[in-house]
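So you can see what is in the structure, the chains are spelled out below.
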Amino acid sequence: MTHKIAVLPGDGIGPEIVAEAVAVLHALDLDIALQTAPVGGAAYEASGHPLPEATLNLARESDAILFGAVGDWKYDTLERSLRPEQAILGLRKQLGLFANFRPAICYEQLTHASSLKPELVAGLDILIIRELTGDIYFGQPRGRRSAPDGQFAGAEEAFDTMRYSRPEIERIAHVAFQAARLRSKKVTSVDKANVLETFQFWKDVVTEVHGQYPDVELEHMYVDNAAMQLVRAPKKFDVVVTGNMFGDILSDEASMLTGSIGMLPSASLNDRNQGLYEPSHGSAPDIAGKGVANPLATILSAAMMLKFSLRETRAAERIEAAVSQVLTDGLRTADIWSEGNRRVGTREMGQAVIDALRGDAGSGKTILTTS
Ligand code: NAD
């Protein structure tokens, strides 16, 4: 059966890194049909909307979406609904992509690229599971108004609404406990139950769901403590599950433990296993067009796509092994470069992965073991 993949390169470095991931996919012997469409700022320029109907329809009809990144500072003055970032929020909402998987793995070869001491990150392998379609990012009402009461009554104010329903918490908790069963059977649920009603509810519901997974250990941690523990003793964590906003922040923090955000893939899945696969980083306008961006996070996202949505586990493992091989060979883009290694650009790194694939690199680091 032909796998249908929507390719949405987006803005900034998006097209450069997606091109490398597409080349890697073509180098595999797979029955795939790829179709490209504009998204984000590129789509806004072309048709006046960051998520045109045709792009959304293509995404809906595909088995999986390979996404680059969207955004540029030049769109910051646009009305919010037209900003590039709305495309990604729209895709998540429209496709029901509620479960975001972000592995933070420190490759042995990159231990020294981390901002933490090597002994703190060597062997690090955390999976952050972030709820992606609820929380304060989507809660209504939101807006600006004249403050109705309080010390500053009458002054201009802005507000958002944090909310979670029971089914939203239950389904992400199940995802986390099931993922933990395939790893070291430990889940840390991150909340702010000491201050927020929403997260006291989160904690209560996660605890209830845990009743169905007696073989998995559950710990609860406040988000401020989790932020601290991630840089103090990150290897204490295995599966971390949290809400949309806390997950946004903690997964970026975790990414730096691994050396570079340019190394980290991500997957966002719905309940039909349809997924959007993208690097954890943004469109990096500061380096766009220079040919220096690290394409490995996107290439590894393609590997996650093969594993999760397309059930092509062997092909995914070949990509992961090839990435590990190029790192062992000492190839480094600028973001992960250190003395004694060979500095390469985006194209050269992508080509090196293809060369390693053709040489069929040995077994590499497995990014996720949940297939
Ligand atoms: P960013 O992740 O784009 O960049 C942060 C830093 O990391 C920059 O110094 C950048 O050069 C570097 N970097 C990122 N990816 C890299 C790679 N592959 N190789 C080497 N270096 C890399 O975050 P930002 O600067 O805060 O945001 C830039 C734009 O991206 C904004 O418009 C933002 O809204 C958008 N954004 C989009 C997404 C998405 O599309 N999912 C996610 C985050 C940010």
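Residues numbered from 1 in each chain as written. Predicted model: local features only at pLDDT ≥ 70, side-chain atom pairs only at ≥ 80, totals over all residues. Heavy atoms only, no water.

K.L.:
I tried to follow the site of the ligand on my own but got confused; where do I start?
P.N.:
Residues in close proximity to the ligand total 21 residues, the closest being Val 70, Glu 85, Gly 282, Ala 284 and Asp 286. Within the backbone of Ala 284, one N or O atom sits 2.8 Å away from an oxygen atom of the ligand. The contact in question runs from an oxygen atom of the ligand to an N or O atom on the side chain of Asp 286, over 2.9 Å. When the free accessible area of the ligand is taken as 820 Å², the share hidden by the protein chains comes to 71%. When atoms are counted within 2 Å of each cavity's grid points, the one that captures over half of the ligand is the largest pocket. (Near = heavy atom within 4 Å. Polar contact = N/O pair within 3.5 Å; in protein donor to acceptor, adjacent residues only side chain to side chain. Areas by Shrake-Rupley, 256 points an atom, 1.4 Å probe, with all protein chains shown as cover. 1 Å grid on protein atoms, 1.4 Å probe; cavity = no way out; pocket = protein on both sides within 12 Å on 5 of 7 lines; lining within 4 Å. Sits in = over half its atoms within 2 Å of the grid points.)

K.L.:
Looking at this structure, how should I read the packing of helix H8 (residues 223–232) against helix H9 (residues 244–257)?
P.N.:
Each pair of packed helices can be summarised by the angle the axes make with each other and by the distance between the axes. The interhelical angle for the contact between H8 and H9, taken along N-to-C directions, is 10°, at an axis separation of 10 Å. As far as their axial angle goes, H9 and H8 are roughly parallel. Together, Val 223, Ala 226, Ala 227, Leu 230 and Val 231 of H8 and Phe 246, Leu 250, Glu 253, Ala 254 and Leu 257 of H9 make up the contact between the two elements. (Axes fitted to C-alpha atoms, helices over the stretch in contact; angles between N-to-C directions. Helix = DSSP H or I, 4+ residues; strand = E, 2+ residues; numbered from the N terminus. Parallel < 35°, antiparallel > 145°, perpendicular 65-115°, else oblique. Contact = heavy atoms within 4.5 Å.)

K.L.:
Where do I start with the nonpolar core in this structure?
P.N.:
Note that soluble globular proteins tend to have their nonpolar side chains buried in a common cluster. One finds Phe 101 and Ile 129 to be the most contacted residues of the largest nonpolar core, which totals 88 residues. Here this core gets 9 residues from one element, more than from any other, and that element is helix H10 (residues 296–308). Split by domain, this core shows at least three residues from each of two domains, domain 1 (1–101 + 264–371) and domain 2 (125–257). Counting 17 residues, the second-largest nonpolar core is a separate cluster that includes Ala 37, Leu 51, Leu 58 and Leu 276. (Core = buried A, V, L, I, M, F, W, Y, C linked by side-chain atoms within 4.5 Å. Buried < 20%, exposed > 50% of the residue type's maximum accessible area, 1.4 Å probe, protein only. Domains from an automatic or database assignment.)

K.L.:
Teacher, can you tell me more about the pattern of salt bridges here?
P.N.:
Between side chains of opposite charge, pairing is possible as soon as their charged atoms come close. Evaluation of the coordinates by the stated rule reveals 17 salt bridges. The residue Asp 125 makes a salt bridge to Arg 183 at a minimum N-O spacing of 3.2 Å. Of this pair, Asp 125 sits in strand E5 (residues 125–131) while Arg 183 sits in the loop between helix H6 (166–181) and strand E8 (186–191), placing them 58 residues apart in sequence. Taking relative accessible area as the criterion, Arg 183 reaches 17% and is therefore assigned buried. Between Asp 248 and Arg 130 there is a salt bridge whose closest N-O contact spans 3.9 Å. Of this pair, Asp 248 sits in helix H9 while Arg 130 sits in strand E5, placing them 118 residues apart in sequence. Since its relative accessible area comes to 25%, Asp 248 is described here as partly exposed. One network of salt bridges, in which partners are shared, links Asp 125, Arg 183 and Asp 238. (Salt bridge = Lys/Arg side-chain N within 4 Å of Asp/Glu carboxyl O.)

K.L.:
Just checking my understanding: could you explain the domain arrangement of the chain for this structure?
P.N.:
Note on interface size: it is often stated as the accessible area lost on association of the parts. Split into domains, the chain comes out as domain 1 (1–101 + 264–371) and domain 2 (125–257). Each of domain 1 and domain 2 has a C-alpha centre, and these two points are 25 Å apart. Contact residues are listed per partner, giving 17 residues for domain 1 and 18 residues for domain 2. Across the domain 1/domain 2 interface, buried area totals approximately 1500 Å², and carbon plus sulfur atoms make up 66% of it. On the domain 1 side of the contact with domain 2, Phe 98, Asn 100 and Phe 101 bury the most area, a combined 38% of that side's loss. Seen at the junction of domain 1 and domain 2, the total is 0 salt bridges. Here domain 1 and domain 2 share 3 residue pairs in polar contact (both at pLDDT 80 or more) between them. For the side of domain 1 that touches domain 2, the secondary-structure elements that each account for two or more residues are helix H4 (85–95) and strand E4 (99–105). Its residues placed into classes, the side of domain 1 that touches domain 2 shows 7 nonpolar, 6 polar and 4 charged. (Buried area = accessible area lost by both parts, 1.4 Å probe. Nonpolar A, V, L, I, M, F, W, Y, C, P; charged D, E, K, R; others polar.)

K.L.:
Would you take a moment to explain the sheet that holds E5 for this structure?
P.N.:
Think of a sheet as strands paired side by side through backbone hydrogen bonds, with each pair either parallel or antiparallel. Spatial strand order, E2-E1-E3-E12-E11-E4-E5-E10-E8-E9: 10 strands in an open sheet with mixed pairing. At either margin of the open sheet sits one strand with a lone partner, and together these are strand E2 (32–36) and strand E9 (217–222). On average, each strand axis in the sheet is inclined to that of its neighbour by 20°, with strand direction left out of account. Bridge analysis of strand E11 (residues 265–269) against strand E12 (residues 275–279) gives 5 bridges, and the strand direction is antiparallel. If you follow Leu 269 over to E12, its bridge partner there is Gly 275. (Pairing = 2+ DSSP bridges.)

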